[in-house]
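Structural overview
Take a look at the letters that make up each chain.
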Amino acid sequence: RNSFVGINFRCIVLDGVSNATVASNTAYKINGYAFLIGYEAENNSITNNIGSLLMDKISYGERLANHRDDHASLFEVQNPGNDLIGNVAAGSLRRGFAMSLDWRVRGEDDVHNGNLI
């Protein structure tokens, strides 16, 4: 159990993680994602968390390179292979829950051949 208040970027990020449990956490007055479940996170349990008051203070010009926190949500899910149960999003200036499911293959650029690896 953790409480995050007045955080200027992200609270909990799961990416490249499997079989983890994130439960009973509170995120309040957040800039950026409160709970980010990345596309390489699978078989995790995200239960009974509360996200409230997502602020709108990160503009496109202020964001970190390769991060999209200027369009943040309290709960961002990029891989549907995780269990989200009993989570609450309230008072967001943007989105409470967002599913960013991309059909394209993701990976690092192979600059020599122009392919994804």
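Rules behind the numbers
- Residues numbered from 1 in each chain as written.
- Predicted model: local features only at pLDDT ≥ 70, side-chain atom pairs only at ≥ 80, totals over all residues.
- Heavy atoms only, no water.
- Helix = DSSP H or I, 4+ residues; strand = E, 2+ residues; numbered from the N terminus.
- Buried < 20%, exposed > 50% of the residue type's maximum accessible area, 1.4 Å probe, protein only.
- Contact = heavy atoms within 4.5 Å.
- Core = buried A, V, L, I, M, F, W, Y, C linked by side-chain atoms within 4.5 Å.
- Pairing = 2+ DSSP bridges.
- Axes fitted to C-alpha atoms, helices over the stretch in contact; angles between N-to-C directions.
- Polar contact = N/O pair within 3.5 Å; in protein donor to acceptor, adjacent residues only side chain to side chain.

1. Topic: the overall build of the protein
For the protein, the count of helices and strands is zero helices and 13 strands. Shown N-terminal to C-terminal, the secondary structure of the protein runs as helices and strands in the order β-β-β-β-β-β-β-β-β-β-β-β-β. The proportion of buried residues among the 117 residues of the protein is 36%. Residue pairs at least 24 apart in sequence account for 57% of intrachain contacts in the protein once pairs closer than 6 positions are excluded.

2. Describing the nonpolar core
Grouped together as the largest cluster of nonpolar side chains are 19 residues, with contacts concentrated most on A27 and I30. Put simply, the parts of the chain that give this core at least two residues each are β2 (12–14), β4 (26–30), β5 (35–37) and β8 (73–77).

3. Some points on the sheet that holds strand β10 (residues 88–90)
Strand order in this open sheet of four strands is β1-β4-β7-β10, and the pairing throughout is parallel. In this open sheet, the two strands that pair with only one neighbour each are β1 (3–5) and β10. Neighbour-to-neighbour, the strand axes of the sheet open up by a mean angle of 10°, direction not taken into account. Inspection of the sheet shows strand β7 (residues 50–54) paired to β10 by three bridges, in the parallel sense.

4. Notes on the side chain of N87
Relative to the assigned elements, N87 resides in the loop between β9 (83–85) and β10. Accessibility expressed as a relative area gives 13% for N87, which makes it buried. Among the polar contacts listed, one links the side chain of N87 to the backbone nitrogen of N48, at a separation of 3.4 Å. Once you skip the residues sitting within four places of it in the chain, N87 turns out to touch I46, T47, N48, N49, F75 and F97.

5. Quick notes on the sheet that holds strand β6 (residues 45–47)
Sheet strands pair by backbone hydrogen bonding; their relative direction is either parallel or antiparallel. With parallel pairing, the three strands of this open sheet are ordered in space as β3-β6-β9. Single-partner strands in this sheet number two, and they are β3 (21–23) and β9. Sheet twist, expressed as the average angle between the axes of neighbouring strands with direction ignored, equals 10°.

6. Quick word on the pairing of β8
When you tally the buried positions in β8, you get five out of five residues, the bulk of the element. Sheet topology places β5 next to β8; three bridges connect them, and they run parallel. When the sheet's bridge partners are listed, I37 is paired in β8 with V77. The sheet contact formed by β8 and strand β11 (residues 95–99) spans four bridges and is parallel. Along β11, the bridge assignment pairs S73 with R95.

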